[in-house]
Amino acid sequence: GIGSQVAAAGDMSKVDGDLSWPAKRQRMTACVRATRAFVQERPDEVDGTVATLMAQRVPGMPELLEEQAMNQFFSMSVLACYEAID
């Protein structure tokens, strides 16, 4: 899922280690397109998730602006797709 342990550890080789560079690029492109489509097709869900991200408080960290929260959502969604897609 979003923010999985593999992604958190930064070890994508477990996800795509056996893929060629063109296959990795194709996979990433597909996930970016899928995430863009999701954002356009389900704006209420996206807005709710972005609001939740903005509401989370981390001691010592500044509050997330809407644009930052949207970027975080988008990046995490693309990564989750990349890990899950076949």
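Look above for the structure.
Residues numbered from 1 in each chain as written. Predicted model: local features only at pLDDT ≥ 70, side-chain atom pairs only at ≥ 80, totals over all residues. Heavy atoms only, no water.

Here we come to the state of the cysteines. Cysteine pairs can be linked by a disulfide, which is a covalent bond between their two sulfur atoms. For the structure on display, the rule yields one disulfide. Sulfur-sulfur distance for the disulfide between Cys 31 and Cys 81 comes to 2.3 Å. Here Cys 31 and Cys 81 share a disulfide; its torsion about the S-S bond, -75°, makes the bridge left-handed. On the criterion of sequence distance, the pair formed by Cys 31 in helix H3 (residues 21-41) and Cys 81 in helix H5 (residues 66-84) is long-range, its members being 50 residues apart. (Disulfide = S-S within 2.5 Å. Helix = DSSP H or I, 4+ residues; strand = E, 2+ residues; numbered from the N terminus.)

Counting residues in each nonpolar core, the largest one holds five residues, listed as Val 46, Val 50, Leu 53, Ala 69 and Phe 73. For this core, the elements supplying multiple residues, two or more each, are helix H4 (43-55) and H5. Those residues within four positions of Leu 53 in sequence are excluded, and the remaining contacts are Leu 64, Ala 69, Gln 72 and Phe 73. (Core = buried A, V, L, I, M, F, W, Y, C linked by side-chain atoms within 4.5 Å. Buried < 20%, exposed > 50% of the residue type's maximum accessible area, 1.4 Å probe, protein only. Contact = heavy atoms within 4.5 Å.)

Below, the discussion takes up H4. Structural remark: α-helix, 3.6 residues per turn; residues separated by three or four positions point the same way. Taking 1.5 Å as the rise per residue, H4 with 13 residues should run 18 Å; its terminal C-alpha atoms sit 18 Å apart, in good agreement. If you check which residues of H4 are buried, you get Val 46, Val 50 and Leu 53. Taken end-on, H4 shows its buried residues confined to a sector of 55°, consistent with a single buried face. Among the exposed residues of H4, those pointing more than 90 degrees away from its buried face are Asp 44 and Ala 55. Packing partners of the buried residues in H4 comprise H3 and H5. (Expected span 1.5 Å × (residues − 1). Arc of directions from axis to C-beta.)

Attention shifts here to the packing of H3 against H4. Relative to each other, H3 and H4 sit at 100°, their axes nearing to 5 Å. In terms of orientation, H3 lies roughly perpendicular with respect to H4. Between H3 and H4, the residues in contact are Phe 38, Val 39, Gln 40 and Glu 41 and Pro 43, Glu 45 and Val 46, respectively. Taken together, the residues of the contact of H3 with H4 sort by class into four nonpolar, one polar and two charged. (Axes fitted to C-alpha atoms, helices over the stretch in contact; angles between N-to-C directions. Parallel < 35°, antiparallel > 145°, perpendicular 65-115°, else oblique. Nonpolar A, V, L, I, M, F, W, Y, C, P; charged D, E, K, R; others polar.)

Right, let's talk about the packing of H4 against H5 for a bit. Where H4 contacts H5, the axes come no closer than 9 Å and their chain directions differ by 115°. Looking at the two axes, H4 sits roughly perpendicular to H5. Seen from above, H4 lies across H5 with right-handed handedness. Contacts between H4 and H5 involve Val 46, Thr 49, Val 50, Leu 53 and Met 54 from the first element and Glu 66, Ala 69, Met 70, Gln 72 and Phe 73 from the second. Residues of the contact of H4 with H5, tallied by class, amount to seven nonpolar, two polar and one charged. (Left-handed = near helix turned anticlockwise from the far one by under 90°.)

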